Amino acid sequence: QVQLVESGGGLVQAGGSLRLSCAASGPTFSSYTMGWFRQAPGKEREFVAAISWSGGSTYYADSVKGRFTISRDNAKNTVYLQVNSLKPEDTAVYYCAAGRPLYSWLRSASEYDYWGQGTQVTVSS
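Residues numbered from 1 in each chain as written. Predicted model: local features only at pLDDT ≥ 70, side-chain atom pairs only at ≥ 80, totals over all residues. Heavy atoms only, no water.

A. Region of the structure containing the pairing of strand β11 (residues 119-124). Here β11 shows a clear split, with Thr-119, Val-121 and Val-123 buried on one side and none of Gln-120, Thr-122 and Ser-124 buried on the other. As paired elements, strand β2 (residues 10-13) and β11 share four bridges and run parallel to each other. Residue Leu-11 lies in a different strand from β11, and its bridge partner there is Thr-122. (Buried < 20%, exposed > 50% of the residue type's maximum accessible area, 1.4 Å probe, protein only. Helix = DSSP H or I, 4+ residues; strand = E, 2+ residues; numbered from the N terminus. Pairing = 2+ DSSP bridges.)

This is how it looks when you write it as structure tokens:
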């Protein structure tokens, strides 16, 4: 069992930055692939980024590539999402998730077993 708690969201102007954190409890955090997803009002939850258990591989949605960076610190049981050059269309609730998806499915929310409660990111124009 893994429990996830996100933090770091907020209101920011377009072009600004935030650092989202996801703190995990449980002894097996380092064995999970970690993902960030987001959901805007009236839209489906969408993949943002993922990182392998070791941190050696990272994956991004095309819409955030070059602006967002995912990282993890297994010693602290924490995964991060640095979000830069924010745009109004990045406004959403951001969720972190833990799972063991196959490579082909790591962008699929259904492949993740544990989810946090989400943190709101609002970008004003």
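From this point, the discussion proceeds with the structure in view.
B. Highlighting unusual backbone geometry. Even without being a glycine, Asn-77 presents a positive backbone phi close to 55°. On the secondary structure map, Asn-77 appears in the loop between β7 (68-73) and β8 (78-83). Its identity as a non-glycine residue notwithstanding, Ser-85 has a phi of 50°, on the positive side.

C. Region of interest: the environment of Ala-23. Within the fold, Ala-23 resides in strand β3 (residues 18-25). The class of Ala-23 is partly exposed, set by a relative accessible area of 37%. Linking Ala-23 and Asp-73, residues 50 residues apart in sequence, is a C-alpha distance of 9.9 Å. Every residue in contact with Ala-23, bar those within four places of it in the chain, is listed here: Gln-3, Leu-4, Val-5, Asn-77 and Thr-78. (Contact = heavy atoms within 4.5 Å.)

D. Spatial organisation of the side chain of Thr-33. Mapping Thr-33 onto the fold places it in strand β4 (residues 33-39). In this structure Thr-33 comes out as buried when scored by relative accessible area, which is 15%. In this structure Thr-33 touches Ala-50, Ile-51, Ser-52, Trp-53, Arg-72, Ala-97, Ala-98, Gly-99, Pro-101 and Tyr-112, once residues within four positions along its chain are discounted.

E. Representation of the sheet that holds β7 in the model. Taken in spatial order, the four strands line up as β1-β3-β8-β7 in an open sheet, and their pairing is antiparallel. Edge positions in the open sheet fall to β1 (3-7) and β7, since each of these has one partner strand only. Within the sheet, the average angular offset between the axes of one strand and its neighbour, ignoring direction, is 15°. Summarising the sheet, β1 and β3 pair through five bridges and their orientation is antiparallel. Bridge pairing links Gln-3 to Ser-25 in β3. (Axes fitted to C-alpha atoms, helices over the stretch in contact; angles between N-to-C directions.)

F. Focus on the pattern of salt bridges. Evaluation of the coordinates by the stated rule reveals four salt bridges. Of the charged contacts, one joins Asp-62 and Lys-65 as a salt bridge, the two residues approaching to 3.2 Å between their closest N and O atoms. Residue class for Asp-62 comes out exposed when judged on its relative accessible area of 67%. Note that Arg-67 and Asp-90 form a salt bridge whose closest N and O atoms lie 2.8 Å from each other. Pair noted here: Arg-67 is in the loop between β6 (58-60) and β7 and Asp-90 is in the loop between β8 and β9 (92-99), with a separation of 23 residues, a long-range link. Across the pair, exposure class does not vary: Arg-67 and Asp-90 are buried alike. (Salt bridge = Lys/Arg side-chain N within 4 Å of Asp/Glu carboxyl O.)

G. Quick look at the state of the cysteines. Under the defined criterion, the tally for this structure stands at one disulfide. Bridging Cys-22 to Cys-96, the disulfide has an S-S length of 1.9 Å. On the sign convention where negative is left-handed, the bridge of Cys-22 and Cys-96, at about 50° about the S-S bond, is right-handed. Here Cys-22 is found in strand β3, whereas its partner Cys-96 is found in strand β9, with 74 residues between them in sequence. Judged by its relative accessible area of 0%, Cys-96 is buried. (Disulfide = S-S within 2.5 Å.)

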